[in-house]
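One-letter residues, chain by chain:
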Amino acid sequence: MVVTVSIGGGPERAISPYLASMSLVYSWAPDAVYGNASRPNSTMADWARKHHLATARYPGGEASYWNWEDPSGVMGRSTLDPTFTNAERAPPHLWMSLDEYLDLCAKAALRPLIGVNYNCHRNPWVPRDASIARAVRQVRHVLKRGFPGALWYIGNEDAALGNAEALAAHARAMRAVDPTAKIFFNENAITPASLERFLNEVGNDAFDGVEFHGKWPFGGHHTPLPPATFAEWLEEVPLLERTSGQTWRDKIAGMRALATKLGRPDFLLANNEYGLGHTENLVGFNKYTKSLVVVELALEMFVAGYDVAAFWDNGDGGLAANADRMLLSTAAGYRFNPMAIGLEMLASAANQTYLAVTTTQRRVHGFAARAASAPCLRLYLLNKLEAPQAVRIQLPAGGAPLLHAEAMVDTDDHWGTRRALDVSCDGGVCEATLPPLSFTMLSSDDKAPAPGGSPTRAAAPPSHAGSWGFTAASLALAALIFGATLARRRCRSRALRAAAHTTVCTTSEARRGSGRRRTSRTTGRRTPPCRR
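What counts, and at which threshold
Just so you know, the residues in each chain are numbered from 1, in the order the chain's sequence is written. Local features in a predicted model are, by the rule used here, given only for residues with pLDDT of at least 70; side-chain atom pairs are given and counted only at 80 or more, and totals for whole chains, interfaces and linings are based on all residues. With hydrogens and water stripped out, all remaining heavy atoms of the structure feed into the side-chain values. Secondary structure counts use DSSP, requiring at least four H or I residues in a row for a helix and at least two E residues in a row for a strand, with both numbered from the N terminus. Note on classification: 1.4 Å probe, protein chains only; a residue is buried when its accessible area is under 20% of the maximum for its type, exposed when over 50%, partly exposed between these limits. The contact definition used throughout considers only heavy atoms, calling two residues in contact when any of these lie within 4.5 Å. Residue-level accessible areas treat just the shown protein chains as cover; the underlying method is Shrake-Rupley with a 1.4 Å probe. What the arc describes is the spread of directions from the helix axis to the C-beta atoms. We define a salt bridge as a contact between a side-chain nitrogen of Lys or Arg and a carboxyl oxygen of Asp or Glu at a distance within 4 Å. In this description, a disulfide is simply a cysteine sulfur pair whose atoms lie within 2.5 Å. Only C-alpha atoms enter the line fits that serve as axes; for helices the fit covers just the stretch in contact. Angles between N-to-C directions range over 0 to 180 degrees. Should an angle lie under 35 degrees it is considered roughly parallel, over 145 roughly antiparallel, and from 65 to 115 roughly perpendicular; all remaining angles are considered oblique. When the near helix sits turned anticlockwise from the far one by under a right angle, the crossing is termed left-handed; a clockwise turn instead gives a right-handed crossing. Gly is put with the polar residues, along with every residue not named as nonpolar or charged; the nonpolar set is Ala, Val, Leu, Ile, Met, Phe, Trp, Tyr, Cys and Pro, and the charged set is Asp, Glu, Lys and Arg. For every residue, the predictor states its confidence as a pLDDT score lying anywhere from 0 to 100. Side-chain rings of Phe, Tyr and Trp, where Trp is taken by its six-membered ring, are said to pair if the distance between their centres is within 6.5 Å; with planes under 30 degrees apart they count as stacked, over 60 as edge-to-face, and otherwise as tilted. Charges are assigned to positions over rings by a cutoff of 6 Å between ring centre and Lys NZ or Arg CZ, combined with an angular limit of 35 degrees from the ring normal. If DSSP finds at least two bridges between two strands, the strands pair. Nonpolar cores are built from buried Ala, Val, Leu, Ile, Met, Phe, Trp, Tyr and Cys residues. Side-chain atoms within 4.5 Å join them into one set. By convention a crossover is right-handed if, when the strands point away from the viewer, the path from the first strand over the helix to the second runs clockwise.

(A) Main features of the overall build of the chain. For the chain, the helix and strand inventory stands at 12 helices and 27 strands. Taking all 532 residues of the chain together, the buried fraction comes to 55%. A sequence separation of at least 24 residues applies to 73% of the contacts in the chain between residues at least 6 apart. Total accessible area on the chain is roughly 21,400 Å²; 56% of this is exposed by carbon and sulfur atoms.

So this is what it looks like as structure tokens:
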């Protein structure tokens, strides 16, 4: 049976740029991957720049107890702890300092998202005044490095609801140094009712947002919740936050309404550690299907309309239990796990305009995006069926035909790969066949449109003025205008060529002005050579 996929028909909205992101546990971020002082490569910086990532959460969950001025480099250990000894320190090339992180942000044009320690994970190691002073020095240091308007999160899974006064004191002192900062507090158990109590206690102006964490099937250990099976996952659409029984869409809907009621429609909601639960809570999954769960959870962040989201984590700490549930596998020489394919596809939707998608088969689901200034469409579909599925796609009015499709698919070794798919269009209808257990991106252009679209509630990334005569902001504006124009022209010209049954030049052919005559995929006729 063919599944009908309909694009549009509901309210459109901006997709936040900060859904294209990554997360860095600082003690799991070695120079070998990030190109820091001891190893000047640019592996992850290049990857982030290539896929237009907007931010990176640092230092991950270790914000709860780290000492940014003197990090230990060891997960779970802080130099602020009176029992800490120098013998415990990790070699500097195995972890990322704040300055190395800011170097990464500069290389990859990322807006910093930085954690602040405010209560040493509920340990009485530092008086509050000294803690606030350290946070203020941290903001000043980031400003000195050329990053005004950074995103900040205070604490990490350390009982924020019982420490509202201390959190607010840190936030106000930090904002006095940088009034353009966006400051979050962290509370995984946040609900509309607890958010209202918290904001009433600290005042509406103390924080710009709240971040919480949620993994599938759940994070940590939640007795009596049972592990999730592969068979259960196949049927669970949309994915649930099993600790509350809510969908990820419902989780923020109540908080969004509450913030609006309190006069804060701009209040930011972030899932800054989405990902997979402990390995023992995922029964019957392999490396590839675990990655497909990650991609589906990331997809939910787009559909639900989160303001910021970060997959936890880039690194696995060299732990065997983490090897197939994080972005990079240390044991495999820092090879990308399969979820990287789907996350790269989804990153192209960030900062675009969201279009709802409905289907006649609930286990085939997704969303669409388009650039604000061009008819280019991108359709993202997850096929949770264990068989190929034919789809008939109804385009929105004025939507350009879908000319290109690629899918994240399984392989014999479960590392996954990208596969090009055939797609055909006639008028306002396109047809394709989705591979089993796959994530597919179909687009009206075979290259991602330039980043654009309306900004979301989060402020625009800061400019980094240096020795150049132009600021990054002015360059970005110029690129946005040029990119939107180019995307619009590219979509229009390719749509006209498709309608006329002519061949589309590949990027490399157009660049070199290939003189070879080519054969049309649709008619079999010889066509003129590609020209620039």
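That covers the picture; the talk isn't over yet.
(B) Here's a closer look at helix H2 (residues 43–50). Along H2, the residues that are buried comprise Met44, Ala45, Trp47 and Ala48. In a view along the axis of H2, the buried residues occupy a sector of 165°, so they form one face of it. Buried residues belonging to H2 abut strand S3 (21–23), helix H1 (31–34), helix H3 (98–108), strand S15 (328–329), strand S16 (335–336) and helix H10 (339–347). In the stretch just after H2, His52 is the one whose phi turns positive, near 60°.

(C) Representation of the pattern of salt bridges within the structure. In this structure the tally under the stated criterion is 27 salt bridges. Of the charged contacts in the structure, one is a salt bridge between Arg57 and Glu273, with a shortest N-O distance of 3.0 Å. Of this pair, Arg57 sits in strand S4 (residues 55–58) while Glu273 sits in strand S12 (residues 268–276); the two residues are 216 residues apart in sequence, bridging distant segments of the chain. Taking relative accessible area as the criterion, Arg57 reaches 0% and is therefore assigned buried. Between Arg175 and Asp208 there is a salt bridge; the shortest N-O distance is 3.1 Å.

(D) Up close: the state of the cysteines. Counted by the stated rule, this structure contains one disulfide. What pairs with Cys425 in a disulfide is Cys430, and their sulfur atoms sit 2.0 Å apart. Taking the sign of the S-S torsion, 105° for the link of Cys425 and Cys430, the bridge is right-handed. A relative accessible area of 30% places Cys425 in the partly exposed class. Here Cys430 falls in the buried class, since its relative accessible area comes to 0%.

(E) Broad picture of the packing of helix H9 (residues 287–304) against H10. Their axes nearest at 8 Å, the elements H9 and H10 cross at an angle of 20°. It follows that H9 is roughly parallel to H10 by the angle criterion. Considering only the axes of H9 and H10, their crossing is right-handed. For the pair H9 and H10, the contacting residues are Ser291, Val294, Val295, Ala298, Leu299 and Phe302 in the first and Met339, Gly342, Leu343 and Leu346 in the second. Looking at the contact of H9 with H10 residue by residue, the class counts come to eight nonpolar, two polar and no charged.

(F) Broad picture of the confidence of the model for the chain. With 83% of its residues at a pLDDT of 70 or more, the chain shows a mean pLDDT of 85. In this model, residues 448–532 is a region of pLDDT below 50 whose contacts with residues beyond four sequence positions or in other chains number 128 contacts.

(G) Highlighting the packing of helix H6 (residues 192–202) against helix H8 (residues 248–261). Taken N-terminus to C-terminus, the directions of H6 and H8 make an angle of 30°; their axes are 9 Å apart at the nearest point. With respect to each other, H6 and H8 are oriented roughly parallel. The element H6 and its partner H8 pack so that their crossing is right-handed. The segment H6 lies against H8, with Pro192, Leu195 and Glu196 engaging Gly254, Met255, Leu258 and Lys261. In terms of residue class, the contact of H6 with H8 is made up of four nonpolar, one polar and two charged.

(H) Broad picture of the packing of aromatic side chains. Evaluated as defined, the whole model comprises 19 aromatic pairs. Seen in terms of ring centroids, Phe185 and Phe207 are 5.3 Å apart; in terms of plane orientation they differ by 65°. Their pairing is edge-to-face. Of the two residues, Phe185 is situated in strand S7 (residues 182–186) and Phe207 in the loop between H6 and strand S8 (209–216); the sequence distance between them amounts to 22 residues. Overall, the relative accessible area of 0% leaves Phe185 in the buried class. Considering the side-chain rings of Phe230 and Phe285, the 5.6 Å spacing of their centres and the 90° angle between planes classify their relative orientation as edge-to-face. Note that Phe230 is positioned in helix H7 (residues 230–235) and Phe285 in the loop between strand S13 (282–283) and H9, a separation of 55 residues in sequence. Like Phe230, the residue Phe285 is buried in the burial classification. Above the plane of the ring of Trp415 lies Arg335, whose end atom (NZ or CZ) is 4.0 Å from the centre.

(I) Summary view of the sheet that holds S4. Taken in spatial order, the eight strands make up an open sheet running S3-S4-S5-S6-S7-S8-S12-S14, and their pairing is parallel. The open sheet has two edge strands with one neighbour each: S3 and strand S14 (308–311). Going from strand to strand, the sheet's axes swing by 25° on average, the running direction of each strand aside. In terms of strand pairing, strand S6 (residues 151–154) meets S7 through four bridges, oriented parallel. Counterpart to Leu151 in the pairing with S7 is Lys182. The sheet strands contacting helix H5 (residues 164–177) are strand S5 (111–116), S6 and S7, and the helix crosses S6 at an angle near 155°. Seen against the sheet, H8 touches S8 and S12 and runs at an angle of roughly 165° to S8.

(J) Geometry of the nonpolar core. With 120 residues, the main nonpolar core has Tyr101, Trp152, Phe185, Phe207, Trp233, Phe367 and Phe439 as its most contacted residues. In terms of residue count, the dominant contributor to this core is H9 (12 residues). If we ignore the near neighbours within four places in the chain, the residues touching Tyr101 are Leu24, Ala56, Tyr58, Met96, Arg111, Pro112, Leu113 and Ile114. Counting residues in hydrophobic clusters, the runner-up holds 24 residues, among them Leu395, Ala405, Ala432 and Leu434.

(K) Region of interest: the pairing of S6. Taking every second residue as pointing to the same face, both faces of S6 are buried, with Leu151 and Tyr153 on one and Trp152 and Ile154 on the other. Pairing between S5 and S6: four bridges, direction parallel. Note that in S6 the partner of Gly115 across the bridge is Tyr153. Viewed along the sheet, the connection from S5 through helix H4 (residues 128–144) into S6 turns out right-handed. Between the parallel pair S6 and S7, the chain is carried across by H5, and the sense of this crossover is right-handed.

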